Structure formats: structure tokens, C-alpha cells
Amino acid sequence: MIYNQYPYTIFNQTYTNPNYLQQIQAQNKFWDQQKKIHDMAKAISDYCNAARGIDAEYQQEAINACLAEIGRQMEIDRQRAGGMR
């Protein structure tokens, strides 16, 4: 029997190679992390652009809202860290 002819060629041996799969997974993780880094930088840019539009009489309210959100996020992280013990 000849295994390098159809229909056996539908199983590409490259895709079953553990080293190849590991390389693809590492590449996917790299690009996922790059997108998250980009999203973080974009969020800071959006924050700065929004802050420029806040009138003086609303700046303290904006700061309070941002500090409250930081506190909320810290609590989420604290709960996650506590659950991992």
C-alpha cells in the first residue's frame, strides 16, 4: 500500500509534529500578547483624550470616578489572588 497518495495525503504530517504544534502555539501566544499590549496603549490614549475634554469644574468628579474604578479593579485582582491560594 502506498501511503503518500490520496486519500492518505490528507493527513499532513507537519500538523501532527509536536515541535511544529508547539511553535504554532508559541507564535499564537506572542501575537495575542502583542494585541493586548496594543489594547493597553490604546486605552491610555483614549483616557488622555477624554481627560482633555473635561472642564475644570468637572475634573475632581472625573478623578474621583477614575480612583473608584482603580479601587474596583484592585479588589477584583485581590479576589483572584485569594482564590488561587
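Structure report, in brief.

1. What to know about the overall build of the protein
Scanning the protein from N- to C-terminus turns up 2 helices and 0 strands. Of the roughly 8200 Å² of accessible surface on the protein, a fraction of 58% belongs to carbon and sulfur atoms.

2. A closer look at a nonpolar patch on the surface
Residues Ile63, Leu67, Ile70 and Met74 make up a contiguous nonpolar surface patch of about 410 Å² in total accessible area. Relative to the helices and strands, Ile70 is located in helix H2 (residues 59-83). On the basis of relative accessibility, which here comes to 46%, the residue Ile70 falls in the partly exposed class.

3. Quick notes on the packing of aromatic side chains
Between two aromatic rings, the relevant description is the distance of the centres plus the angle of the planes. Counted according to the given criterion, the structure contains 1 aromatic pair. Aromatic side chains Phe30 and Trp31 sit 4.9 Å apart centroid to centroid with 80 degrees between the ring planes, which places their arrangement in the edge-to-face category. Accessibility expressed as a relative area gives 42% for Phe30, which makes it partly exposed.

4. Quick notes on the pattern of salt bridges
If the charged atoms of two oppositely charged side chains come close together, the side chains can form a pair. The final tally for this structure, using the stated rule, is 5 salt bridges. When the shortest N-O distance is used, the salt bridge between Lys36 and Asp32 registers 3.4 Å. Taken together, the positions of Lys36 and Asp32, both in helix H1 (residues 18-52) and 4 residues apart, correspond to about one turn of that helix. Taking the relative accessible area as the measure of exposure, Lys36 reaches 44% and is therefore partly exposed. For Asp32, a relative accessible area of 37% translates into the label partly exposed.

Reading the values: rules and limits
Residues numbered from 1 in each chain as written. Predicted model: local features only at pLDDT ≥ 70, side-chain atom pairs only at ≥ 80, totals over all residues. Heavy atoms only, no water. Helix = DSSP H or I, 4+ residues; strand = E, 2+ residues; numbered from the N terminus. Areas by Shrake-Rupley, 256 points an atom, 1.4 Å probe, with all protein chains shown as cover. Patch = residues over 30% accessible without salt bridge, like charges linked within 9 Å, V, L, I, M, F, W, Y side chains within 5 Å. Salt bridge = Lys/Arg side-chain N within 4 Å of Asp/Glu carboxyl O. Buried < 20%, exposed > 50% of the residue type's maximum accessible area, 1.4 Å probe, protein only. Phe/Tyr/Trp six-rings, centres within 6.5 Å; stacked < 30°, edge-to-face > 60°.

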